Amino acid sequence: QVQLVESGGGSVQSGGSLRLSCAASGSRYVMGWFRQAPGKEREGVAAISTIGTTTYADSVKGRFTISQDNTKNTLYLQMNSLKPEDTAMYYCAAAGPIPQLWYLRRDKYSDWGKGTQVTVSS
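Parameters at a glance
- Residues numbered from 1 in each chain as written.
- Predicted model: local features only at pLDDT ≥ 70, side-chain atom pairs only at ≥ 80, totals over all residues.
- Heavy atoms only, no water.
- Helix = DSSP H or I, 4+ residues; strand = E, 2+ residues; numbered from the N terminus.
- Salt bridge = Lys/Arg side-chain N within 4 Å of Asp/Glu carboxyl O.
- Phe/Tyr/Trp six-rings, centres within 6.5 Å; stacked < 30°, edge-to-face > 60°.
- Buried < 20%, exposed > 50% of the residue type's maximum accessible area, 1.4 Å probe, protein only.
- Lys NZ or Arg CZ within 6 Å of the ring centre and 35° of its normal.
- Disulfide = S-S within 2.5 Å.

## Section: the environment of P99
Phase 1 of the analysis: As for its position among the elements, P99 is in the loop between strand 9 (88-95) and strand 10 (111-112).
Phase 2 of the analysis: Here the alpha-carbon distance between P99 and I48, two residues 51 residues apart in the chain, equals 11 Å.

Shown next as structure tokens:
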């Protein structure tokens, strides 16, 4: 089991940027970012494998970038051109070896952080 701790959330205006970080106690094959807005289901945002294979949700492509520092067991999510609809609690998650097709499926992840809030105002 991997312990995950997110940080970097906050409040920004539309068009602004934030960088989220996730410190992991160990390594897993796939690391992902998910988000959940009030009244909505948790959805996959971006994921990355240990070899650097990435997957993004269509809603964030071109605006968000996922990356990792394997030497520090830290996952990042650079979020640019933020929109009010990006407002949500953002969670870091870890999974074992899964096909890339499943990278944004929350049911494939076994370890979760407690989340960090991102609020984007118009």
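## Digging into the pattern of salt bridges
Once their charged atoms are close, side chains differing in charge can pair, the charge on each being opposite to the other.
Phase 1 of the analysis: Inspection of every chain in the model, using the stated rule, returns seven salt bridges.
Phase 2 of the analysis: One salt bridge in this structure joins R35 and D86, with 2.9 Å as the shortest N-O distance. Of this pair, R35 sits in strand 4 (residues 30-36) while D86 sits in the loop between strand 8 (74-79) and strand 9, placing them 51 residues apart in sequence.

## Quick look at the packing of aromatic side chains
Phase 1 of the analysis: Tallying each qualifying case throughout the model produces three aromatic pairs.
Phase 2 of the analysis: Relative to Y109, the ring of F34 has its centre 4.9 Å away and its plane inclined at 75°; by these criteria the two rings are edge-to-face. With F34 in strand 4 and Y109 in the loop between strand 9 and strand 10, the pair connects residues that are 75 residues apart, well separated along the chain. Like F34, the residue Y109 is buried in the burial classification.
Phase 3 of the analysis: Taken together, the ring pairs connect F34, Y109 and W112 into an aromatic cluster.
Phase 4 of the analysis: One residue, R42, lies across the ring of Y91, its end atom 3.7 Å from the ring centre.
Phase 5 of the analysis: Taking NZ or CZ as reference, R42 lies 4.9 Å from the ring centre of W112, over its face.

## Some points on the state of the cysteines
Phase 1 of the analysis: Scanning the model with the defined rule gives one disulfide in all.
Phase 2 of the analysis: A disulfide bridge connects C22 with C92, and the sulfur atoms are separated by 2.1 Å. When the S-S torsion is -75°, as for the bridge of C22 with C92, the disulfide is left-handed. Taken as a pair, C22 in strand 3 (residues 18-24) and C92 in strand 9 lie far apart in primary sequence, 70 residues in all. Comparing C22 with C92 shows no difference in burial state: the two are buried.

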